[in-house]
Amino acid sequence: MTSTAPEKAVPDAAPPAREVELSIGGMTCASCAARIEKKLNRMDGVTATVNFATEKAKVAYPEGLEVGDLIATVERTGYTAEEPPPPTSATAGEDEKQAAPAPEAELLSLRQRLYASLVLTVPVVAMAMVPALQFDNWQWLSLTLAAPVVVWGALPFHRAAFTNARHGAATMDTLVSIGTLAAFGWSLWALFFGHAGMTGMRHAFEFTVSRTDGSSSIYLEAAAGVTTFILAGRYLEGKSKRKAGAALRALLELGAKDVSVLRGGSEVRIPVAQLAVGDRFVVRPGEKIATDGTVVEGASAVDASMLTGESMPVDVAVGDAVTGATVNAGGRVVVEATRVGADTQLARMANLVEDAQNGKAEVQRLADHISGVFVPAVILVALGTLLTWLLVTRDATAAFTAAVAVLIIACPCALGLATPTALMVGTGRGAQLGILIKGPEVLESTRRVDTVVLDKTGTVTTGRMQLQDVFTAPDVDENELLRLAGSLEHASEHPIAQAIAAGATERTGSLPTVDNFENVAGLGVQGVVGGHAVLVGREKLLQEWVVELPRELAEAKAAAEAEGRTAVAVAWDGEARGVLTVADAIKETSAEAVAELRRLGLKPVLLTGDNQLVAESVARSVGIDEVIAEVLPEDKVDVVKRLQAEGRTVAMIGDGVNDAAALATADLGLAVGTGTDAAIEAGDLTLVRGDLRVAADAIRLSRKTLATIKGNLFWAFGYNVAAIPLAALGMLNPMIAGAAMAFSSVFVVTNSLRLRSFK
């Protein structure tokens, strides 16, 4: 299939003017989310996504509408909605998230209902299941114990069902409420008006429908048992959802809480929220860096593992950028704040993670659509089951039991949790590993990708020139060559000169001083070092001083240039003494990363604006066969489009401004987070570390998350498809159906939580 540039590159229409995230209250299942989403999307110009797992609605709305209008629509649907509080400080971006109501109170209420219901239900079920426990008038004790469970324990279900009924809707709570009240109501009728209340009444517990006289059968154990099982499922589901969102909360809590700011020459301790751009603050060893900034005094090593997953501390000195929430592992430094609040890398990471968790993959949209029509369909099936059993068997007990079992087994809770829980855990785990997944639609792309285009500079290579090889003339000491050349180059600001100076310092230690330094434009540098007249630069510079390269040095220079390296000649005291080669160093992990990408079934392509020789040399070093070199920045998009036109599904990995358009055009854009903001904004996946191996991890994590979603949906669909006919045929006791329904949700959430162990 021929691919073309996706819509994100060239939008078809102007996006809605404003966006808001609303906290939704009162949702109990996926069909609730589907109803709210449907109502919001019916408003003119509104595009809404409602996520049951995160209990959030992300709404884009046009000018002319207010947030209050959106909230009113949600409330008319039977639910509550809250808009985020207005920003009140420099850290508004984080404050908004932290101000969102935590579901602790709801969990506490569920736990209280669950524990009380459990204590009351156990004896009711025991008496119903074990005939030996059925003493005279046991049924009245069952009624006394079951009534609080059905009335108070199941109150959230009844309340939600009533609210939805007022708005002409039915949800999972409708099924639970109707099923438990029907079982309880039947039992009351049998006890007070039938034969079930008679002293000495006994009945056996069966897993299938029992065909007995309806007036002597009670279903108190089903009513109480179903309520308790579903409360247990809801409580475990709520706890699991809290665990699934833990990575995002942990991300937001990484930041420092207060900071020592320099004011009038002295240090003042203030909350981070009061920090402003331009403020200078002190970071001592072991302290967290309060916000993104630039080191203006001191040198240290920074541990960024909590943010990037990178285990090795990074050395920083004056002029180096540092990121908020990382830890100062070395000496005292003074940092000038460059970003605060919502602009910091930490806040932007949290935004990306939360946006991804609030979005929906295509598979989830299908599940939501099914959930929206599923509940009314189940009610019709239950009614059909009731009537069919009555007509065929004329057994009211059997008919009623089968209908109640259908209502209870069919609750589509697992269906609603299948995608969002896996997405929450997957994106949260990604954030811990330095992988930011922008949205769930990205997961679909990772499955189809077959070609990965790699930018060279800053992605496969470090983007910095480094000294590579040292070739010396006979009887010339290598360290002496490096000391003299390094000293002269140290006085120059040219990147190649700085690479030679840095390499010489690293290999020989301190460098001597230079006298009479002169920069010869376009050729190199000259000066006096330790009494020697030294030349470092192009061969032409040496020729101007009538110095010729001997054959072995000329051959070494030619071989280096054939490899795409830059060769620099060194001479002193009228003789050529050696050749130094400089190149953009390949990252140590790039070859391993390319091998990983190949194992994932991807064909790597190196794309660069550099010359063909350099590109081929780098490609050989890391194991890439296909090279596209000497490409202008604006032509990178055309290369991606050409590969797509060949029928390939293309992933692009890049880090620079010149990669942004290509990242947006590719089917999957992976932005290296050590690069520019423009590249990060354009990418679908952001790799916070500069290590290319993380790209393979990102694709593996995305594919595993998608596989988990599909596995969850398979079990959720399969469970309902298999269970409803069994219930309709009278092969499931309502209480067993309730337990199975509750634990199907727990299974789905537990399966999703396995992603937390991804390495």
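Residues numbered from 1 in each chain as written. Predicted model: local features only at pLDDT ≥ 70, side-chain atom pairs only at ≥ 80, totals over all residues. Heavy atoms only, no water.

The chain carries the name Heavy metal translocating P-type ATPase in an unreviewed UniProt entry, which gives Streptomyces longisporus as its organism. Entered under Subcellular location (unreviewed entry) in the UniProt record, the comment concerning the chain runs "Cell membrane". Regarding the chain, the relevant UniProt record gives this comment under Sequence similarities (unreviewed entry): "Belongs to the cation transport ATPase (P-type) (TC 3.A.3) family. Type IB subfamily." (UniProt positions renumbered as here; feature names shortened; annotations may be inferred.)

Draft legend 1. Region of interest: the overall build of the chain. Broken down by element type, the chain carries 27 helices and 26 strands. Out of the 759 residues in the chain, the part that is buried amounts to 54%. Long-range contacts, defined as pairs at least 24 residues apart, comprise 70% of the intrachain contacts of the chain with a sequence gap of at least 6. Within the structure as shown, the chain displays about 31800 Å² of accessible surface, and the carbon and sulfur contribution to it stands at 57%. (Helix = DSSP H or I, 4+ residues; strand = E, 2+ residues; numbered from the N terminus. Buried < 20%, exposed > 50% of the residue type's maximum accessible area, 1.4 Å probe, protein only. Contact = heavy atoms within 4.5 Å. Areas by Shrake-Rupley, 256 points an atom, 1.4 Å probe, with all protein chains shown as cover.)

Draft legend 2. Highlighting a positive patch on the surface. Judged by side-chain charge, K38, K39, R42 and R76 come together as a positively charged surface patch. Following the sequence through the fold, K38 ends up in helix 1 (residues 30–41). (Patch = residues over 30% accessible without salt bridge, like charges linked within 9 Å, V, L, I, M, F, W, Y side chains within 5 Å. Salt bridge = Lys/Arg side-chain N within 4 Å of Asp/Glu carboxyl O. Lys, Arg positive; Asp, Glu negative; His and termini not counted. Charge placed at Lys NZ, Arg CZ, Asp CG, Glu CD.)

Draft legend 3. Region of interest: the UniProt feature "transmembrane region" (unreviewed entry) in the chain. With numbering matched to this structure, UniProt assigns "transmembrane region" (unreviewed entry) to residues 114–134, 140–162, 174–198, 218–236, 370–392, 398–419, 712–729 and 735–753. As annotated, residues 114–134 has a helix share of 76% and a strand share of 0%, and its two end C-alpha atoms lie 25 Å apart. Helix makes up 80% of residues 174–198 and strand 0%, whereas the separation of the span's terminal C-alpha atoms amounts to 33 Å.

Draft legend 4. Molecular detail of the sheet that holds strand 10 (residues 314–316). Across the sheet, which stays open at both edges, the three strands sit in the order 10-9-12 with antiparallel pairing between neighbours. Of all the strands in the sheet, the pair left with one neighbour each is strand 10 and strand 12 (327–328). By the bridge criterion, two bridges tie strand 9 (residues 300–303) to strand 12 in an arrangement that is antiparallel. In the sheet register, V302 faces strand 12, and the bridge partner there is N328. (Pairing = 2+ DSSP bridges.)

Draft legend 5. Spotlight on the sheet that holds strand 1 (residues 18–25). Spatial ordering of the open sheet is given by 2-3-1-4, a layout of four strands whose pairing is antiparallel. Each end of this open sheet is capped by a strand with a single partner; those strands are strand 2 (47–51) and strand 4 (80–82). Looking at each pair of strands side by side, their axes are set apart by 25 degrees on average, direction ignored. Taken together, the five bridges between strand 2 and strand 3 (residues 56–61) define a ladder with antiparallel strand orientation. Its bridge partner lying in strand 3, T49 is registered against K58. (Axes fitted to C-alpha atoms, helices over the stretch in contact; angles between N-to-C directions.)

Draft legend 6. Region of interest: the environment of R339. Mapped onto the elements, R339 comes out in the loop between strand 13 (333–337) and helix 11 (345–358). Spatially, the C-alpha atom of R339 lies 9.3 Å from that of T323, the residues being 16 residues apart in sequence.

Draft legend 7. Examining the pairing of strand 21 (residues 575–586) more closely. Counting buried residues along strand 21, 10 of its 12 residues qualify, which places the element largely inside the surrounding structure. In the sheet, strand 16 (residues 461–472) pairs with strand 21 via seven bridges, with the strands oriented antiparallel. If you follow L467 over to strand 21, its bridge partner there is V582. In terms of strand pairing, strand 20 (residues 566–572) meets strand 21 through seven bridges, oriented antiparallel. Paired with V568 across the bridge in strand 21 is L580.

Draft legend 8. Up close: the nonpolar core. L454, L606, I653, L670 and L685 are the most contacted members of the largest nonpolar core, which has 46 residues in total. Here the element with the most residues in this core is helix 26 (residues 693–728); it accounts for nine residues. In contact with L670, not counting residues within four places along its chain, are A651, M652, I653, G654, L663, L685, L687, A695, A698 and I699. In this structure, A473, L523, L549 and V579 belong to the second largest nonpolar core, which totals 35 residues. (Core = buried A, V, L, I, M, F, W, Y, C linked by side-chain atoms within 4.5 Å.)

Draft legend 9. Region of the structure containing the packing of helix 17 (residues 478–490) against helix 18 (residues 495–508). Their axes nearest at 8 Å, the elements helix 17 and helix 18 cross at an angle of 135 degrees. By the angle between their directions, the pair helix 17 and helix 18 is classed as oblique. The way helix 17 lies across helix 18 gives a crossing that is left-handed. Side by side, helix 17 and helix 18 meet where E478, N479, L482, R483, G486, E489 and H490 of the first sit next to A497, Q498, I500, A501, A504, R507 and T508 of the second. (Parallel < 35°, antiparallel > 145°, perpendicular 65-115°, else oblique. Left-handed = near helix turned anticlockwise from the far one by under 90°.)

Draft legend 10. Region of interest: unusual backbone geometry. One non-glycine residue with positive phi stands out, namely R394, at about 55 degrees. Following the sequence through the fold, R394 ends up in the loop between helix 12 (362–393) and helix 13 (396–409). Overall, the relative accessible area of 72% leaves R394 in the exposed class.

Draft legend 11. Main features of the pattern of salt bridges. One pass over the structure, following the stated rule, counts 24 salt bridges. A salt bridge links R269 to E287; the shortest N-O distance between them is 3.9 Å. Taken as a pair, R269 in strand 6 (residues 266–271) and E287 in the loop between strand 7 (280–283) and strand 8 (293–297) lie far apart in primary sequence, 18 residues in all. Assessed through its relative accessible area of 45%, R269 is described here as partly exposed. The partly exposed category is assigned to E287, whose relative accessible area is 24%. Because the salt bridges share partners, they merge into one network encompassing K603, E626, R642, E646 and R648.

Draft legend 12. Molecular detail of the pairing of strand 1. Pairing analysis gives six bridges linking strand 1 to strand 3, with the strands arranged antiparallel. When the bridges of strand 3 are listed, R18 appears paired with Y61. As paired strands, strand 1 and strand 4 are joined by three bridges and run antiparallel to one another. Each residue of the ladder has a partner; that of G25, found in strand 4, is T80.

Draft legend 13. Expanded view of helix 26. Given a rise of 1.5 Å per residue, 36 residues ought to cover 52 Å, and the 53 Å separating the end C-alpha atoms of helix 26 matches this to within 8%. Backbone geometry just after helix 26 places G730 at a positive phi near 80 degrees. (Expected span 1.5 Å × (residues − 1).)

Draft legend 14. Structural detail: the packing of aromatic side chains. Using the criterion set out here, one finds four aromatic pairs in the structure. An aromatic cluster of at least three residues, connected via ring pairs, comprises F714, W715 and F747. (Phe/Tyr/Trp six-rings, centres within 6.5 Å; stacked < 30°, edge-to-face > 60°.)

Draft legend 15. Local environment of helix 5 (residues 138–153). For helix 5, built from 16 residues, the straight-helix expectation of 22 Å at 1.5 Å per residue is met to within 8% by its first-to-last C-alpha distance of 22 Å. Here helix 5 has its buried residues at W138, Q139, S142, L143, L145, A146, V149, V150 and G153.

Draft legend 16. Examining a nonpolar patch on the surface more closely. Together, L387, L390, L391 and V392 give the surface a local cluster of nonpolar side chains, amounting to about 420 Å² of exposed area. The residue L387 is located in helix 12 in this model. A relative accessible area of 53% means that L387 is categorised as exposed.

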